Amino acid sequence: MMRALGYPRLISMENFHTPNFMLVSEVLLWLVKRYEPQTDIPPDVETEQDRVFFIKAVAQFMATKVHIKLNTKKLYQADGYAVKELLKVTSVLYGAMNTKGVERADVSEEDSSKLKFDLGSKIADLKAARQLASEITSKGASLYDLLGKEVELREARTESIARPLEINEAEKMMKIAIDCVLEQVQKTKDMLNNVALDEASLEAKIEKRKLELERSQKRLQTLQSVRPAFMDEYEKIEKQLQKQYSSYLEKFRNLTYMEQLLDDHRQIEQEMFEEAANMLHLTQNRLKEEEQHLLKSGNNDDSDVEIQEDEGSDNEVEDRQIMKQRTTTETLLQGILTFP
């Protein structure tokens, strides 16, 4: 269809397997120009905003000028669904071209090959024809209504024509019309006079407001020039308040600093306590291991028959030392646990 319409480039469905917005915009702009060459639609489609504006402009043109409704979302996709929307426009042009070709079948093949289908030149005639058709429809409807009232109006018209014209009655009607016109003129004059009165009253109100404004400005200047009472005391109290606030800020900073130091000190004491507890635990474990080792060695010595008595006394001394070390460890543990 596009080749038959005279599009200068070959198009196939392979071009729309992937979104190809540049080609879709080019085809749309070419179709719009075919309908109306003087159409001013911006061809810029570099940014997303430009593309949206372009699609909306084309869809609005097709809806208002050609009465073809296009799906803007499918056109923006620029794929196979956009081809279906383009077919709506190209099929109309292609059908019009075929109709024109059938009507001119008597033209020779050579002459028909030289003719170019230019629908843009016929757009103005098409618009005028549509406007005339709408006017004919409305005029026909109004004419039908008037013809329906012709039966009643015919009798009234006949009576009016048959009745002789009386000068007195005509003069009377003219006087009534003149009186109506004079009354309207008087009303208009009264309205003009009222406008003048309203204008004068508004000017008086404006002058009054100006005087009130001047008095208010003078009073304001007087109040600004006079020093209020108790102003000295207010300034003195304000200075004292500023000093108190400075003192408060200093004390608050000191308090915050002392609290931070106290927290650090408590954290250090807690770490020392945990470290001492860990050392005590390690010492207890080491003493228990030594005690078990000594007990095992003592049992081995008892099983030997050839142990001398002085060795037994040495074992008793070692047991006493172990008990002493255990007592010392427990005392140290109690002291650490009671440490604040």
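Procedures and definitions
Residues numbered from 1 in each chain as written. Predicted model: local features only at pLDDT ≥ 70, side-chain atom pairs only at ≥ 80, totals over all residues. Heavy atoms only, no water. UniProt positions renumbered as here; feature names shortened; annotations may be inferred. Core = buried A, V, L, I, M, F, W, Y, C linked by side-chain atoms within 4.5 Å. Buried < 20%, exposed > 50% of the residue type's maximum accessible area, 1.4 Å probe, protein only. Helix = DSSP H or I, 4+ residues; strand = E, 2+ residues; numbered from the N terminus. Contact = heavy atoms within 4.5 Å. Phe/Tyr/Trp six-rings, centres within 6.5 Å; stacked < 30°, edge-to-face > 60°. Salt bridge = Lys/Arg side-chain N within 4 Å of Asp/Glu carboxyl O. Axes fitted to C-alpha atoms, helices over the stretch in contact; angles between N-to-C directions. Parallel < 35°, antiparallel > 145°, perpendicular 65-115°, else oblique. Left-handed = near helix turned anticlockwise from the far one by under 90°. Nonpolar A, V, L, I, M, F, W, Y, C, P; charged D, E, K, R; others polar.

An unreviewed UniProt entry lists the protein chain under the name Clusterin associated protein 1, from Buteo japonicus. The UniProt entry for the protein chain carries the following comment under Subcellular location (unreviewed entry): "Cell projection, Cilium". The protein chain has a UniProt comment under Sequence similarities (unreviewed entry) that states "Belongs to the CLUAP1 family."

Chemist: Explain the nonpolar core to me, please; I cannot follow it from the model alone.
Modeler: Considering soluble globular proteins, one finds that nonpolar side chains tend to be buried as a cluster. With 34 residues, the main nonpolar core has Leu28, Leu31, Tyr35, Ile41, Phe54 and Met62 as its most contacted residues. Residue assignment for this core shows that the elements contributing at least two residues are helix H1 (2-5), helix H2 (21-35), helix H3 (48-66) and helix H5 (80-103). Per-element accounting of this core gives the leading share, ten residues, to H2. Apart from residues lying up to four places away in sequence, isoleucine 41 is in contact with Leu29, Val32, Phe54, Ala57, Val58 and Phe61.

Chemist: Would you explain the packing of aromatic side chains in this entry?
Modeler: The geometry of an aromatic ring pair is captured by the separation of the ring centres together with the interplanar angle, meaning the angle of the planes. A complete count under the given rule lists four aromatic pairs for this structure. What links up through ring pairs into an aromatic cluster is the set Tyr245, Tyr248 and Phe252.

Chemist: Honestly, unusual backbone geometry in this entry has me stumped. Any pointers?
Modeler: A negative phi angle characterises most non-glycine residues, just as the trans form characterises most peptide bonds. At alanine 78, a position not held by glycine, the phi torsion is positive, near 60°. With respect to the helices and strands, alanine 78 occurs in the loop between helix H4 (72-77) and H5. Judged by relative accessible area, which is 0%, alanine 78 ranks as buried.

Chemist: Whenever I open this one, the environment of leucine 87 confuses me. Can you help?
Modeler: With respect to the helices and strands, the residue leucine 87 is situated in helix H5. A sequence separation of 86 residues divides leucine 87 from methionine 1, and the C-alpha atoms of the two residues are 8.7 Å apart.

Chemist: Would you mind going over the pattern of salt bridges with me for this structure?
Modeler: Where charged atoms from two side chains of opposite charge approach closely, those side chains can pair. One pass over the structure, following the stated rule, counts eight salt bridges. Between arginine 154 and glutamate 150 there is a salt bridge, and its shortest N-O distance comes to 3.9 Å. Taken as a pair, arginine 154 and glutamate 150 lie in helix H8 (residues 150-162) at a separation of four residues, close to a single helical turn. The exposure class of arginine 154 is partly exposed, given its relative accessible area of 45%. We classify glutamate 150 as partly exposed; its relative accessible area is 23%. Two residues, glutamate 183 and lysine 187, come together in a salt bridge whose shortest N-O distance is 3.9 Å. Of this pair, glutamate 183 and lysine 187 are both found in helix H9 (residues 167-225), four residues apart, which corresponds to roughly one turn of the helix.

Chemist: Explain the packing of H2 against H3 to me, please; I cannot follow it from the model alone.
Modeler: Geometry of a packed helix pair, given as the angle between the helix axes and the separation of the axes. For the pair H2 and H3, the least separation of the axes is 11 Å and the interaxial angle reads 30°. Considering their axes alone, H2 and H3 lie roughly parallel with respect to each other. Once H2 is placed against H3, the crossing between them reads as left-handed. In this structure, H2 uses Phe21, Ser25, Leu28, Leu29, Leu31, Val32 and Tyr35 to contact H3, whose residues at the interface are Arg51, Phe54, Ile55, Val58, Phe61, Met62 and Val66. Across the contact of H2 with H3, the residue classes tally to twelve nonpolar, one polar and one charged.

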